[in-house]
Amino acid sequence: MAAADARAAAIDAFARRHRFRALEAVPWLLALAAYGVFPGYLPLGAQILATILFVLSADLVLGYAGIVTLGHAAFFGTGAYTAGLLAANGWGEPLSGLVAAALIAGLVGFLSGLIILRTTGLALLMQTLVVATTLYEAANKAGRWTGGDDGLSGMVVWPIFGVFRFDMFGRAAYTYSLAVLFLGWLLARQIVHSPFGRSLTGARENTARMHAIGAPVAQRRLIIYTISAGLAGVSGALIAQTTSFVGLTSLSLERSGNALIMLIIGGVGRLYGAFIGVPLFMIAQDRFSKADPVYWYFWLGLLMVAVVIFARGGVLGIFERLWKWPGK
Amino acid sequence: MGGTLAAILSIGFHGLAFAMVLYLISVGLSVTMGLMGFVNLAHGVFAMLGGYVMTGLMNRYGVPFLAALALAAIATALVSIPLERLLYRRFYGGEELDQVLLTMGLIFMSVAGATYLWGPLTQHMEPPHWLAGQVDLGFRSFPAYRSFLILCGGLLVIALWLGLERTRFGAQIRAAVDNLRMAQSVGINTSRLFMLTFALGSGLAGLGGGLGADLLAITPSYALQYLVYFIIVVAVGGLGSIRGPFFAALFIGIADTAFKYWLPGLGAFFIYALTMVLLLWRPQGLFGRA
């Protein structure tokens, strides 16, 4: 009898795990409240929101599929340059720019994934880095189109829906980024709770067993890599459109690395790590790095070492240990 | 025709010098990755440290070149031991994400630390007077310092390979790379082996950083700036191999020099693209095991 109860409870838990919980509304309520409370920080807020989408996309491959990447900026930058080049060459419509960025970045993700996902572990890690560096160098050398070191400028972004103009206070940028992030989050949430998403986690935990039960592991890893690349591309396009600028740093190792840092600060493989890690990191960066970039790097480095040694799950991991997090 | 030949000679010479520096720095990284299963992105920090110690000793305290070079290698090896014991060891064979973040953190700290200690400017290395100028090899003359670099690197490579083949320590490393558990079972103290190998690899990196100070400029962002080069050498050579990185370094050193000579507008792009193609053909590198 007890066994049957436990079984029913387990089935129930599985059936419920994808339902929305009240706690999940908190980030969105906070984001809406921030719009009213900090009107002077909306441009920074818009960047934070877009970066959350980027880190969320990294969480999909890293946290769920277990693909450790040092080159996720490749897709962010591809998306940024796609949207940027469109807007600089006479097509400033933002929504189609986002779609184009998602498609091109997804294509780059698909093609590079075809090549590099054949390896795992250290070899894969190095190859993600090589892909991103190749693109960085390509953008650097194609200065005639990308502006090279100086960055791409001269973007003219049209109003959203032809109505909402990007203003200097960042009101449109903030709302726009929030809406796109919300859609991206819905998609990511749908993916990780789907059978497809569960099979990714299965492959991460025990690849041999997933092969044994007949799951097409390689194909699924490629699919999630492509989707994640597309989302990262949207994030890059968002920042390009809201700041009207694309620089080489959008493809840099630093950006890939920072995404990892923000993710680990928040918590990897938890879907909400990005929502905690990104604001913490970017607000701290905004505060401290301008005053003294050298010391900012020192403390950042020390923090990373400390997180890896003492707080593996990031902020969310600490909460989980304090009280059992629902659904984990 | 003579011009092309001279260009090829010159590219071969400078490429070889670059390859020696790349190999000395990267061989330790390859062993750390293959033997301990650890992605040490911060490996370049040791090379940078070697460069700073050497230029500092020479420029500030007037220590002779060879002594400064030896001290740079020794100091780097000594610094690496406590790092290995306290930090790295916990993460051997662990999750790559942890290793990446830990070593990225170390890189950031090294950037800040180097700026604090030595300032943001590039450290210049003046070759000693007996290595200044050109050396005449009969058919043409070459810069003396680079010739010394190639000679030095060549001798070290031979010593390293002979040591790996002929000494007990080398045999232990080979055994541990081939089959770690079996090596432990037959009584090899792998913890001590790891420490010594790590120190040796770091020392060589320090030596490479010092020797190559005029090729890879010593600046605070050294470890980040040249990381991709070191990683590519290991990726192309194959993890855990000692010979692989040598051929990879030769290939990259010479190809990089050639591309920069003939197609300066494209810079390092070709190297990265070529690496991609190579890895497409052999995902585990030239000498790596699948």
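About the thresholds
Once a new chain begins, its residue numbering starts again from 1 and follows that chain's sequence as written. In the order they appear in the text, chains get letters beginning with A and ligands get numbers beginning with 1. With pLDDT at 70 or above as the cut-off, local features in this predicted model cover only qualifying residues; side-chain atom pairs require 80 or more to be listed or tallied, and sums for whole chains, interfaces and linings still use all residues. Here a helix means four or more residues in a row that DSSP labels H or I, a strand means two or more in a row labelled E, and each is numbered from the N terminus. Each radius of gyration is computed over the set of C-alpha atoms, and the globule rule expresses the reference value as 2.2 Å times the number of residues to the power 0.38. Neighbour density around each residue's C-beta defines its exposure: 20 or more other C-beta atoms within 10 Å make it buried, 12 or fewer make it exposed, and counts between make it partly exposed, where C-beta atoms are placed from the backbone. Convention adopted: a line fitted to C-alpha atoms gives each axis, helices being fitted over their contacting stretch, and angles between N-to-C directions are expressed from 0 to 180 degrees. Each angle gets one of four labels, with under 35 degrees taken as roughly parallel, over 145 as roughly antiparallel, 65 to 115 as roughly perpendicular, and the rest as oblique. Each residue is represented by a C-beta atom placed from its backbone, and any two residues with such atoms within 7 Å are regarded as in contact. The residue classification treats Ala, Val, Leu, Ile, Met, Phe, Trp, Tyr, Cys and Pro as nonpolar and Asp, Glu, Lys and Arg as charged. All others, Gly included, are polar. The handedness criterion is simple: a crossing whose near helix is rotated anticlockwise from the far helix by less than a right angle is left-handed, and one whose near helix is rotated clockwise is right-handed. To estimate how far a helix should extend, the number of its residues minus one is multiplied by 1.5 Å. On a range of 0 to 100, pLDDT expresses the predictor's confidence in each residue.

(A) View of the overall build of chain A. Of regular secondary structure, chain A possesses 15 helices and 0 strands. Whereas a compact globule of 328 residues would reach a radius of gyration of roughly 20 Å, chain A reaches 20 Å, a difference of no more than 12%. For chain A, the C-alpha atoms occupy an extent of roughly 70 × 45 × 45 Å along the three principal directions. By the burial criterion, 49% of the 328 residues in chain A qualify as buried.

(B) Local environment of the overall build of chain B. When you go through chain B residue by residue, the secondary structure sums to 12 helices and 2 strands. What you see in chain B, going N to C, is helices and strands ordered as α-α-α-α-β-β-α-α-α-α-α-α-α-α. In terms of overall dimensions, chain B is globule-like: its C-alpha atoms have a radius of gyration of 19 Å, near the 19 Å expected for 290 residues. Relative to its 290 residues, chain B shows a buried fraction of 50%.

(C) Broad picture of the packing of helix H5 (residues 144–166) of chain B against helix H6 (residues 168–178) of chain B. Residues and elements named next belong to chain B. At a closest axis distance of 5 Å, the pairing of H5 and H6 adopts a crossing angle of 80 degrees. In terms of orientation, H5 and H6 fall into the roughly perpendicular class. Where H5 abuts H6, its residues Gly 163, Leu 164, Glu 165 and Arg 166 lie against Gly 170, Ile 173 and Arg 174. Per-class residue counts for the contact of H5 with H6 are 2 nonpolar, 2 polar and 3 charged.

(D) Just unusual backbone geometry, in detail. All names here are of chain A. In this structure, Phe 161 is a non-glycine residue whose phi angle is positive, near 55 degrees. Along the polypeptide, Phe 161 turns up in the loop between helix H7 (143–146) and helix H8 (171–193). The class of Phe 161 is exposed, set by 9 C-beta atoms lying within 10 Å. A positive phi angle, close to 70 degrees, is found at Leu 271, a residue other than glycine. Structurally, the position occupied by Leu 271 is in the loop between helix H12 (253–266) and helix H13 (273–288). Given 23 C-beta atoms within 10 Å, Leu 271 falls into the buried group.

(E) View of the packing of helix H10 (residues 227–237) of chain B against helix H11 (residues 244–262) of chain B. Residues and elements named next belong to chain B. Contact pair H10 / H11: the axes reach a minimum separation of 8 Å and the direction vectors enclose 120 degrees. Between H10 and H11, the angle falls in the class oblique. Judged by the twist between their axes, the crossing of H10 over H11 is right-handed. Between H10 and H11, the contacting residues are Ile 232, Val 233, Val 234, Val 236 and Gly 237 on the first element and Gly 244, Pro 245, Phe 247, Ala 248, Ala 249, Phe 251 and Ile 252 on the second. Grouping the constituent residues of the contact of H10 with H11 by class yields 10 nonpolar, 2 polar and no charged.

(F) Representation of H13(A). For H13(A), spanning 16 residues, the distance from its first C-alpha to its last is 22 Å, which sits close to the expected 22 Å at 1.5 Å a residue. Every buried residue belonging to H13(A) is among Gly273(A), Ala274(A), Phe275(A), Ile276(A), Gly277(A), Val278(A), Pro279(A) and Phe281(A), and all of these are buried.

(G) Representation of the interface of chain A and chain B. With 34 residues of chain A at the contact, the number on the chain B side is 37 residues. The set of elements that each furnish at least two residues to the side of chain A that touches chain B consists of helix H6 (121–141), H12 and helix H14 (293–310) of chain A. The dominant element in the side of chain A that touches chain B, judged by the number of residues it contributes, is H6(A), at 13 residues. Of the residues in the side of chain A that touches chain B, the class split is 24 nonpolar, 7 polar and 3 charged.

(H) Quick look at the confidence of the model for chain B. Predicted confidence across chain B gives a mean pLDDT of 89, with 99% of residues reaching 70 or more. Among the scores for the predicted complex, ipTM is 0.85 and pTM is 0.88.

(I) Structural view of the environment of Ser96(A). All names here are of chain A. Along the chain, Ser 96 turns up in helix H5 (residues 94–116). Its 13 C-beta neighbours within 10 Å are what place Ser 96 among the partly exposed residues. For Ser 96 and Leu 86, which are 10 residues apart along the polypeptide, the C-alpha to C-alpha distance reads 9.7 Å.

(J) Spatial organisation of the environment of Ala9(A). Residues and elements named next belong to chain A. With respect to the element layout, Ala 9 can be found in helix H1 (residues 2–16). Assessed through the 10 C-beta atoms surrounding it within 10 Å, Ala 9 is described here as exposed. With 302 residues separating them in the primary sequence, Ala 9 and Ala 311 have C-alpha atoms 31 Å apart.

(K) Inspection of helix H4 (residues 96–118) of chain B at higher detail. All names here are of chain B. Spanning 23 residues, H4 covers 32 Å between terminal C-alpha atoms, matching the ideal 33 Å at 1.5 Å per step. For H4, the tally of buried residues reaches 18 of 23 residues, placing the bulk of the element in the interior. The positive-phi residue at the C-terminal boundary of H4 is Gly 119, with phi of around 80 degrees.

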